[in-house]
Amino acid sequence: MSIGMILRPLLIALLLFLVLWPELFTPVFAPLAPNGGPVIYARATLLSLSLSHLGLVFVASVAATVVAVALAIFVTRPAGAAFRPLSRTVANMGQTFPPVAVLALAVPVLGFGPGPTLVALFLYGLLPIFENAMTALSTLPTATMEAARGLGFTRWQRLIRVELPLALPVTLTGIRLSVVIALGTATIGSTVAARTLGEVIIAGLLTNNTAFVLQGGLIVGLFAVLIYDALVQLERYLARRTGAASMPKSTP
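Residues numbered from 1 in each chain as written. Predicted model: local features only at pLDDT ≥ 70, side-chain atom pairs only at ≥ 80, totals over all residues. Heavy atoms only, no water.

Bringing the overall build of the protein into the picture now. Assigned secondary structure in the protein consists of 10 helices and 0 strands. When the elements of the protein are put in sequence order from the N terminus, they spell out α-α-α-α-α-α-α-α-α-α. Its C-alpha atoms put the protein at 75 × 50 × 25 Å along the principal axes. The buried share among the 252 residues of the protein stands at 42%. For the protein, the share of sequence-separated contacts (at least 6 apart) that also reach a separation of at least 24 residues comes to 76%. (Helix = DSSP H or I, 4+ residues; strand = E, 2+ residues; numbered from the N terminus. Buried < 20%, exposed > 50% of the residue type's maximum accessible area, 1.4 Å probe, protein only. Contact = heavy atoms within 4.5 Å.)

The next point concerns the confidence of the model for the protein. Per-residue pLDDT for the protein averages 89, and the proportion of residues at 70 or more is 95%. Confidence, expressed as mean pLDDT per element, reaches its minimum in the protein at helix 7 (residues 142-150) with 85 and its maximum at helix 3 (residues 46-75) with 96. The low-confidence segment residues 244-252 (pLDDT under 50) makes 15 contacts with residues lying over four places distant or belonging to another chain. (pLDDT = per-residue confidence, 0-100.)

For the rest of this paragraph, the subject is the UniProt feature "domain: ABC transmembrane type-1" (unreviewed entry) in the protein. Residues annotated in UniProt with the feature "domain: ABC transmembrane type-1" (unreviewed entry) correspond here to residues 50-231. Taken end to end, residues 50-231 has its terminal C-alpha atoms 19 Å apart, with 79% of it in helix and 0% in strand. (UniProt positions renumbered as here; feature names shortened; annotations may be inferred.)

With that settled, the discussion passes to the environment of V75. Tracing the sequence through the fold places V75 in helix 3. Given a relative accessible area of 0%, V75 falls into the buried group. When residues no more than four places from it in sequence are discounted, the contact partners of V75 are G80, A81, F83, R84, S87, F130 and M134.

The residue A193 is not glycine, and still its phi comes out positive at about 75 degrees. The topology assignment puts A193 in the loop between helix 8 (155-185) and helix 9 (198-206). One non-glycine residue with positive phi stands out, namely N208, at about 55 degrees. Within the secondary structure layout, N208 lies in the loop between helix 9 and helix 10 (210-244).

Written out as structure tokens, the structure is:
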């Protein structure tokens, strides 16, 4: 039995207990709380903050994936090849500005709440997904593509049935990086009234309560590690499948 198989259920159990029954950890966090101050964050349930945090990351990641993959498909076609440098510049712009600067620019337009945070997470998530998708679509096996043409597949059939499935494992690597970045970056959304686990961390910093900071940071870290691990396992599974079935099959 590998170390990963042992650690994975332990980390999942720790995360569930922290989110659902945080009061069980009062003896652990008590030495880190100020004298007479609260030990467990109670202004909102950690479960509701976790769900809101994950919801923002999910929406932003899905939007970034759709846009980045669509852009990668476009620039890997003959008609869009000339736009590849421009598309790279646009994708890089998302990570040129610090997230705080994006929030500051978005608040006057979108107001306080989840909107500015979604914009920041979306922009930050574009680059890794776009680069990986473009690389995957540009380096597909020549023999496989020729076989697909020989079977009479149209351009759309080759894209949907051959290119995207073969590019999926590499593209998923970019999605994994994007999601992990978003999980950490989403915490600053609480500075503009978005409901995230950053609320717990910021409350701890404002009140000099290290217990709050550790609670929020630990939950975010556990989410990042577990989601990262889950996506790695999915990548390996898809890589095995696409490796075993790299040749397209004709329809009866």
